[in-house]
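Descriptive structure summary
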Amino acid sequence: MDISTLLQSILNGFSSAGIYILVALGLTLVLSIMNIVQLAHGEIYMIGAYGVYYITTSLGLNFFLALVISTLLMGGLGIVLERLCFRPLRGQFDRAAIASIGLILILQNVVLSIAGGDPRSYMSPFTGVLKILGVAISWDRLSIVLFGFGLVAALFLFIRMTKTGQAMLAISQDRDGAALQGINIDRISMAAMFLGCALAAIAGALVGAIFSVSPTMGGFALMKGIAVIILGGLGSIPGAVVGGLIIGLIDGIMPILTTTHIAGLIGFGAIIIILLFRPQGISGHE
Amino acid sequence: MLKLKDVTVRYETAEAVRGVSIEVPEGSVISVIGANGAGKSTILKAISGLVPLYSGEIEFSGQKINRMAVNQIVDLGVVQVPEGRRLFPYMSVMANIKLGAYLRRDKRGMMADMEEVFRLFPRLKERSNQKAGSLSGGEQQMLAIGRGLMARPKLLMMDEPSLGLAPVVIDLLADTIRTINQSGITVLLVEQNASLVTRVSQKCYVIEVGRVVLEGNVQELMADDSVRRAFLG
Ligand SMILES: Nc1ncnc2c1ncn2[C@@H]1O[C@H](COP(=O)(O)OP(=O)(O)O)[C@@H](O)[C@H]1O
Ligand SMILES: [Mg+2]
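Residues numbered from 1 in each chain as written. Chains lettered and ligands numbered in written order. Predicted model: local features only at pLDDT ≥ 70, side-chain atom pairs only at ≥ 80, totals over all residues. Heavy atoms only, no water.

This part covers helix α2 (residues 41–57) of chain A. Here α2(A) is 17 residues long and its end C-alpha atoms lie 25 Å apart, about the 24 Å a rise of 1.5 Å per residue gives. Buried residues dominate α2(A), accounting for 15 of its 17 residues. (Helix = DSSP H or I, 4+ residues; strand = E, 2+ residues; numbered from the N terminus. Expected span 1.5 Å × (residues − 1). Buried < 20%, exposed > 50% of the residue type's maximum accessible area, 1.4 Å probe, protein only.)

Structure below.
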């Protein structure tokens, strides 16, 4: 194994991490504000990618414009879903899980009937390679790393600096305590669903640019997102970042050391071992 | 200022408050006293809009508030310092205090009120960067009250603020409640601690299994040994 293979796989690890973190942050926001796990999160990711596919291919707009439009549309869908579907189920873990499984079926089949089952693809705007110390690094992967971590930084700033962000933290730590300060829980839930779905849409669109889009692509994202938030600690935003980095890097690096199957096993083994020592996750509160 | 008229609150399993009528005149300190499970917290939750009324009516400054949303009620100046403090434990003392002023837009007034809170509780200023969850019980209660004051309340409701506090801290709490009241804020105090109630309030309602069983002058009620034994254990 040469150094450039290693660097390339580390970069792959970081770009997987970027995607996992974006997906996991959305799950975390919705979980900590609304006390539900929104299992159709992967479908939002998938539709976000299809949005970019249709806007670039049918409308002929460029990727970035398409990304913005698709992201806003998915954020809007998040608000609609909050209002119509998840608001009455807030805090009801089991019912919300069942409702969101129903939503998975509906959304997948709607897309299937419109777009068909064949994978589609669109061009990544990031092409070519960047040479650092004689090692070629592909721009499309690097762009995911930059996007992912840029958005994470923006989200941290948003939560620290804005009133809405502070209200989100407050609700996640004490719901009634937050309501008694005059925080409108309905409004903040809407904001959380908007942000969560927007982040998922961005993640889906970035993945779609490198690989392809299909109606079932959300399952993988959901599985990774759930693994990340369990590893990181349920409801913890820094936890989602650290968990995403760990799982992303394992996924990126292990395949060059061994076969893909064994790499998968080692990945899950590592998570199980970490959770044995910290059952509440890496930065979870007891 | 605040009037509860024949208020009944039902949970799925039980009727927690039955036909309670309470009146809190402007400028007063009124207490509600009763044993565990009597329905005291439920009364305050109903006033704040956290639980719906089954029947009856709640009026604040002549306005019916029992169908309003929690945040609208806070906006009217009806503020609660809840049982168990309900702080945001992983946020700083400062962030907790700022969240108390969540609905306010007047930056300058907020800064002035924050100074006032720090003057009232100097410990909070010293610890303003610490996480709220790392404070002692007494400091947490100060923070909960300070956070409540940041909303610029007209009526401040406190649910068992003495819970878990040492006697010297309860003395401090009594002083604090008097100071708050003297600054023009009406206080509705829910307590099990009879001595705190006697020290700060004028009129008191005794609650037993969801009903008002006695009401009247605090000194007179508390002088009656049978009242103390029967309702406060
Ligand atoms: N969320 C709830 N659901 C069902 N019953 C409740 C709930 N909260 C309180 N209760 C019941 O209502 C009664 C009054 O409770 P509460 O108002 O907390 O009393 P207090 O504050 O005087 O100790 C108790 O019997 C309690 O068990
Ligand atoms: Mg109580």
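There is more to say, and it comes next.
Another aspect to go through is the pairing of strand β9 (residues 203–208) of chain B. All names here are of chain B. One ladder, built from 5 bridges, connects strand β3 (residues 29–34) with β9; its direction is parallel. Bridging across to β9, isoleucine 33 finds its partner in valine 206. The pairing of β9 with strand β10 (residues 211–217) spans 6 bridges and is classified as antiparallel. For lysine 203, the partnering residue across the bridge sits in β10 and is asparagine 217. Connecting the antiparallel pair β9 and β10 is a turn made up of 2 residues, with valine 209 showing a positive phi of about 30°. (Pairing = 2+ DSSP bridges.)

Looking now at the coordination of the magnesium ion (ligand 2). Six octahedral donors around a metal ideally make angles of 90 or 180 degrees; four tetrahedral donors ideally make 109.5 degrees. Residues and elements named next belong to chain B. Around the magnesium ion (ligand 2), the protein contributes the donor atoms Ser41 (OG) and Glu83 (OE), at 2.0 to 2.1 Å from the metal centre. Highlighted residues: serine 41 in helix α1 (residues 40–48) and glutamate 83 in the loop between β6 (78–81) and α3 (93–100), separated in sequence by 42 residues. Relative accessible area serves as the criterion here: at 17%, serine 41 is assigned to the buried category. (Donors = N, O, S within 2.8 Å, 3.2 Å for Na, K, Ca; no water.)

We now examine the domain arrangement of chain B. Quoted interface sizes are often the accessible area lost when the parts come together. Residues and elements named next belong to chain B. You can read the domains of chain B as domain 1 (2–77 + 153–232) and domain 2 (88–152). Computed from C-alpha atoms alone, the centre-to-centre distance between domain 1 and domain 2 is 23 Å. Taken together, the contact between domain 1 and domain 2 spans 16 residues of the former and 12 residues of the latter. Interface area for domain 1 against domain 2, summed over the two sides, is near 1,000 Å², with a carbon-plus-sulfur share of 82%. (Domains from an automatic or database assignment. Contact = heavy atoms within 4.5 Å. Buried area = accessible area lost by both parts, 1.4 Å probe.)

At the junction of the two partners, chain B supplies 22 residues and chain A supplies 18 residues. The junction of chain B with chain A conceals about 1,900 Å² of combined surface from both sides, 62% of it contributed by carbon and sulfur atoms. In this structure, the connection of chain B to chain A is made through 1 salt bridge. Across the salt bridge formed by A:Asp174 and B:Arg86, the nearest N and O atoms sit 2.8 Å from each other. For the pair chain B and chain A, the number of links is 5 residue pairs in polar contact (both at pLDDT 80 or more). (Salt bridge = Lys/Arg side-chain N within 4 Å of Asp/Glu carboxyl O. Polar contact = N/O pair within 3.5 Å; in protein donor to acceptor, adjacent residues only side chain to side chain.)

A few words now on the packing of aromatic side chains. Counted by the stated rule, this structure contains 10 aromatic pairs over all chains. A centroid spacing of 6.4 Å and a plane angle of 65° characterise the contact between A:Tyr20 and A:Phe220, whose relative ring orientation is edge-to-face. Here A:Phe220 lies in helix α9 (residues 218–232) and A:Tyr20 lies in helix α1 (residues 3–34), a separation of 200 residues in the sequence. Overall, the relative accessible area of 6% leaves A:Tyr20 in the buried class. Each member of the aromatic cluster is reached from another via a ring pair, and the members are A:Phe63, A:Phe64, A:Tyr122, A:Phe126 and A:Phe147. Positioned above the aromatic ring of B:Phe88, the side-chain terminus of B:Arg147 is 5.0 Å from the ring centre. (Phe/Tyr/Trp six-rings, centres within 6.5 Å; stacked < 30°, edge-to-face > 60°. Lys NZ or Arg CZ within 6 Å of the ring centre and 35° of its normal.)

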